Every structure is written in structure tokens, then in C-alpha cells.
Amino acid sequence: MKTVHLEDAYTLPFWRRPTALLFVMAIAMPVAFSTWMALINNFVVEVAQFDGSDIGWLHTVREIPGFFAIGVIALIIFIREQVLGLVSLILLGVATAVTAQFPTMGGILTITMLSSIGFHYYETVNQSLQLQWLEKDRAPQMLGWLISAGAAATIVIYVLIVMLWEALDLSFSIVYWLSGGFTALVALLCLLIYPQFETPHPQLKTMVLRRRYWLYYALQFMSGARRQIFIVFAGFMMVERFGYKVDEITQLFLATLIINMIAAPFLGKLVAVFGERRALIVEYVGLCCVFFAYAGIYYFEWGVVLAAVLYVVNHLFFSLALAIKTYFQKIADPQDIAPTAAVAFTINHIAAVFLPVLLGYLWLQSPGLVFLAAAGMAIVSLLLSLLIPRHPARGNETLVRTGALAPAE
């Protein structure tokens, strides 16, 4: 397979350049993953009769491969990152395609594990490639456009589900086969069509843990813990408490994606203009309010309209998390990006492995307490974000200097 140095890639046709490949992958991945997420709550409740504890176990199993994303470091010794990412995307597509063929607890957990390996290894490599292939001054806005591209692809899928689910009497099996098959086919074509892009900074192929990255690690840990609560229980609440059907939950996802598609490039631009520190402060203050309001739905019996609005707003704030990526890009040694992406992805999933199952049992006792826990995590994230310098760079990673806070820079 042809190898092209990154600095020479501009001589290629636009559609074969590294940025184009990032956009194609950004479109292909959500087709399988977002379809799985849109249908899974209804599938496990209607077909497998899951309760809150079962859904907790499902998502704990789903996050185990994320915890072992550090294995990417070993794999890239033998496989190029670009190839590993596309092979992982193929695995995600194939596993998604056969999801409905195993409608038992054991079958669902097994297929979920396989699709999760594909998703998490793809995401680990994809984040590394984004930071290696995108220029620092353009990265925030380009990441916003990549989010927008993924949202647009997902919108098409959700519109099709909403319009055709009842009209054509679609089944879980048909939708999973079509979406998973599309993702796998696109990834295979990318593997065959695109050249291998060689970056000017060869990546270290050993585990990298640097003291000066500690704030990045902490932000990743809290992000994983907080996001996991939302992913597992926000959609499940809409089905369990408010009785949302497949087309209704998909309409909610659709509204969320349309808003994200429009907003993400602007949010990326805001990060570039105002900096990572301010962007993350806004995100975490907003998330605190959202999670407290989620708890209020249970304690004060607020209605379904508020729950739906909170779901959309929550996703909007999550889009600002791209600031964590660009913060790391600014403070990192170029050769550290791939191994640190793997380490960070593992750190991001430490809490994700045990939180869903533990909170699943808490959910059976008091769903409101689950969202109060998420609000507490958002507060911790807010305190951490205050330690980010206004102009982060190598040697200026945090405001902490020898045990004391340095002046904001």
C-alpha cells in the first residue's frame, strides 16, 4: 500500500487527503454506533425484558474494552494506526449488524463486547490521528466540523428510522443489519483506497505517563465518569419512566443531532477564540445545572418536556469537551500523542467499568441520586478546569507551580 508523507499530502486530490479520510470515518462510525444507541433501550426492554440493573451490567460490559484501550500501544508496534483504526471500524460495523440475532442476556453482552472493542479501539486511534494530522491553530474548529459531519450522518439515519419504522414495519434485525453493514463496507473501502499517511513525528510505542500531563489525565477521568451516567441512564429514563417508543426516542436523538450539527463548528470556533479554560468552565457549570434538574424530575415530578430539553442541552454542553483534546495537543510532545491517547482513553474508562453496574443498583432504589452523583462529578470537573492556564503550552501545563497556584497566564 502506498505511503505518503503528511507534508506531501496536499498534492493528492482533495478527497484522498488525510482530512478527507477523517471526515469519511467521522461519517461512517456514527451510522453503526448511533443506530445501536437509538434502538438498544427499546430492544433490551421489549425483547430481553431488561431492568435497571441489567442495563447497568450491559453498559459495564460495553465499557470494559475502553478500559483496555491501552492495548493499542502494543498493537501499533505491528500495525499502522491508520490500518488499526479502519479494522476496528469494520469490527464495530459487523458486530452491530448481528446484534438482534442474539436476543438473550448472554448473547447481547457478548455482541456488545465485540462491537465495543471495535468502537473503543477506533476512537482511541481516531483521536490520535486527529491531533497528529490537524494543525494546532485549525484543530478546534476542524474538530467541531468533524463532530458536525458525524451528527449529519446520524441525522440521516434517525430520519429514516422515524419515517420508516412504523410505515414499513421495520424490525430491530433489519435496521441493525443495514446500519452495521454500511459502516463495515465504508471502512473496508477506506482501507483499500487511501494511502498510508506518514507523520513527521514517529510515535512512541511504549506506555507514556508524564507528571506534567496530570491535569489532562484528571479531566479525562472525570469526563468518563460523568458522561457514563448520562449515556446509560438518560435515554433509559425516557423509555422506562415516560414510555418512549422507538420512533419517539429517535425523534429526541434527531433533534439533539440537528442542534449539535449546527452548533459544533461554532463551539469549536469559540474554543479557538476564548481558549480551553473558559470553554470547559462554561461546559461544567452548564452540566451541573442540567444534572440537578434531572434529579428534580424524580424528586419534584417535573414532566417529560423538561426531560427532553435537558437531554438536548446536555449533548450541547458535551460538544465543548473537544477543548480537552486541544488542551492536550498544545501541551504534548508530538511523539507522545498516540501512546497518551491510549492511556487517556483507558483513564477515561476506569470509572465507566464499575459505575454503570453500581449505579444500576442505586437506580432501583432512587434514580434521582444517580443524577445527583453526576452533578457532583461536574463540580469536581469545574474545579479542575480552573487550573488550566489561559495559554497552555509545553512547560505551561497547569497553574500549579511547586505546590502553589501561579498567576493565570
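Not measured: the values here are computed from a predicted model. (Residues numbered from 1 in each chain as written. Predicted model: local features only at pLDDT ≥ 70, side-chain atom pairs only at ≥ 80, totals over all residues. Heavy atoms only, no water.)

(A) View of the overall build of the protein chain. Summing up its helical and strand segments, the protein chain has 15 helices and 4 strands in all. Over its C-alpha atoms the protein chain spans a radius of gyration of 21 Å, differing by no more than 12% from the 22 Å that the globule rule assigns to 409 residues. Counting only C-alpha atoms, the protein chain reaches 50 × 50 × 35 Å along its principal axes. At a minimum sequence separation of 6, the contacts of the protein chain that also span at least 24 residues come to 87%. (Helix = DSSP H or I, 4+ residues; strand = E, 2+ residues; numbered from the N terminus. Rg over C-alpha atoms; globule rule 2.2 N^0.38 Å. Contact = heavy atoms within 4.5 Å.)

(B) Fine view of the pattern of salt bridges. Overall, the coordinates contain 6 salt bridges when judged by the stated rule. Between Arg-80 and Glu-198 there is a salt bridge, with its nearest N and O atoms 3.2 Å apart. With Arg-80 in the loop between helix 3 (71–75) and helix 4 (81–97) and Glu-198 in strand 2 (residues 196–198), this residue pair connects regions lying 118 residues apart in the sequence. Judged by relative accessible area, Arg-80 falls into the partly exposed class, the value being 35%. (Salt bridge = Lys/Arg side-chain N within 4 Å of Asp/Glu carboxyl O. Buried < 20%, exposed > 50% of the residue type's maximum accessible area, 1.4 Å probe, protein only.)

(C) Main features of the nonpolar core. Grouped together as the largest cluster of nonpolar side chains are 136 residues, with contacts concentrated most on Phe-197, Met-237, Tyr-294 and Phe-371. Element by element, the count of residues in this core is highest for helix 1 (residues 18–46), at 17 residues. If we ignore the near neighbours within four places in the chain, the residues touching Met-237 are Phe-242, Tyr-294, Ile-297, Tyr-298, Ala-307, Trp-363 and Phe-371. (Core = buried A, V, L, I, M, F, W, Y, C linked by side-chain atoms within 4.5 Å.)

(D) Just helix 11 (residues 304–318), in detail. With 15 residues, helix 11 ought to run about 21 Å at 1.5 Å a step, and its terminal C-alpha atoms sit 21 Å apart, in line with that. Those residues of helix 11 that are buried lie in contact with helix 8 (214–240), helix 9 (246–274) and helix 10 (276–299). (Expected span 1.5 Å × (residues − 1).)

(E) Broad picture of the packing of aromatic side chains. In total, this model carries 16 aromatic pairs according to the counting rule given. Arranged with centres 6.4 Å apart and planes meeting at 35°, the rings of Phe-291 and Tyr-294 form a pair that is tilted. Taken as a pair, Phe-291 and Tyr-294 lie in helix 10 at a separation of 3 residues, close to a single helical turn. Each member of the pair, Phe-291 as well as Tyr-294, carries the same accessibility label: buried. Judged by centre distance (4.7 Å) and plane angle (15°), the rings of Tyr-294 and Phe-371 are stacked. Within this pair, whereas Tyr-294 is found in helix 10, its partner Phe-371 is found in helix 15 (residues 367–385), the two being separated by 77 residues in sequence. In this structure Tyr-294 comes out as buried when scored by relative accessible area, which is 0%. On the accessibility criterion, Phe-371 (0% relative accessible area) is buried. Members of the aromatic cluster, connected to one another through ring pairs, are Phe-233, Phe-291, Tyr-294, Tyr-298, Trp-363 and Phe-371. (Phe/Tyr/Trp six-rings, centres within 6.5 Å; stacked < 30°, edge-to-face > 60°.)

(F) Spatial organisation of the packing of helix 10 against helix 12 (residues 322–331). Close contact between helix 10 and helix 12 brings their axes to 9 Å; oriented N to C, the two are set at 155°. By the criterion of interaxial angle, the relationship of helix 10 to helix 12 is roughly antiparallel. Between helix 10 and helix 12 lies a crossing whose hand is left-handed. Contacts between helix 10 and helix 12 involve Glu-276, Ala-279, Leu-280 and Tyr-284 from the former and Ala-323, Ile-324, Thr-326, Tyr-327 and Lys-330 from the latter. Within the contact of helix 10 with helix 12, the residues separate by chemical class into 6 nonpolar, 1 polar and 2 charged. (Axes fitted to C-alpha atoms, helices over the stretch in contact; angles between N-to-C directions. Parallel < 35°, antiparallel > 145°, perpendicular 65-115°, else oblique. Left-handed = near helix turned anticlockwise from the far one by under 90°. Nonpolar A, V, L, I, M, F, W, Y, C, P; charged D, E, K, R; others polar.)

(G) Expanded view of the side chain of Thr-154. Among the secondary structure elements, Thr-154 is positioned in helix 6 (residues 139–164). Given the relative accessible area of 2%, Thr-154 is considered buried. A distance of 2.8 Å separates a polar atom in the side chain of Thr-154 from the backbone oxygen of Gly-150. Beyond its immediate stretch of four places on either side in the chain, Thr-154 contacts Pro-30, Ser-34 and Leu-257. (Polar contact = N/O pair within 3.5 Å; in protein donor to acceptor, adjacent residues only side chain to side chain.)

(H) Spotlight on helix 4. With 17 residues, helix 4 extends 24 Å between its outermost C-alpha atoms, agreeing within 8% with the 24 Å of an ideal straight helix rising 1.5 Å per residue. Among the 17 residues in helix 4, 12 count as buried, and that is most of the element. Those residues of helix 4 not exposed but buried are Glu-81, Gln-82, Leu-84, Gly-85, Leu-86, Ser-88, Leu-89, Leu-92, Gly-93, Ala-95, Thr-96 and Ala-97. At its buried positions, helix 4 is contacted by helix 1, helix 3, helix 5 (105–133), helix 7 (172–193), strand 2 and helix 13 (337–348).

(I) Region of interest: the packing of helix 6 against helix 9. Relative orientation of the contacting elements helix 6 and helix 9 amounts to 165°, with a least axis distance of 8 Å. Compared by their axis directions, helix 6 and helix 9 come out roughly antiparallel. Between helix 6 and helix 9 the crossing geometry is left-handed. Per-class residue counts for the contact of helix 6 with helix 9 are 20 nonpolar, 7 polar and 2 charged.

(J) How the structure looks around the environment of Val-87. Checked against the element boundaries, Val-87 lands in helix 4. Using a relative accessible area of 41% as the deciding quantity, one classes Val-87 as partly exposed.

(K) Unusual backbone geometry, seen in detail. Of note, Asp-169 is a non-glycine position whose phi angle comes to about 50°, a positive value. Residue class for Asp-169 comes out exposed when judged on its relative accessible area of 65%.

(L) Highlighting a nonpolar patch on the surface. Together, Phe-292, Tyr-299, Phe-300, Trp-302, Leu-306, Leu-369, Leu-372, Ile-379, Leu-383 and Leu-386 make up a nonpolar patch on the protein surface, roughly 910 Å² of accessible area in all. Counting residues per element, the ones that place at least two in the nonpolar patch are helix 10 and helix 15. Residue contributions to the nonpolar patch peak at 4 residues, all from helix 15. (Patch = residues over 30% accessible without salt bridge, like charges linked within 9 Å, V, L, I, M, F, W, Y side chains within 5 Å. Areas by Shrake-Rupley, 256 points an atom, 1.4 Å probe, with all protein chains shown as cover.)

(M) Representation of the environment of Lys-2. Mapped onto the elements, Lys-2 comes out in the segment before strand 1 (3–5). Sequence separation between Lys-2 and Pro-195 is 193 residues, and the spatial gap between their C-alpha atoms is 5.1 Å. Sequence-distant contacts of Lys-2, that is, excluding residues within four places in its chain, are made with Pro-195 and Gln-196.

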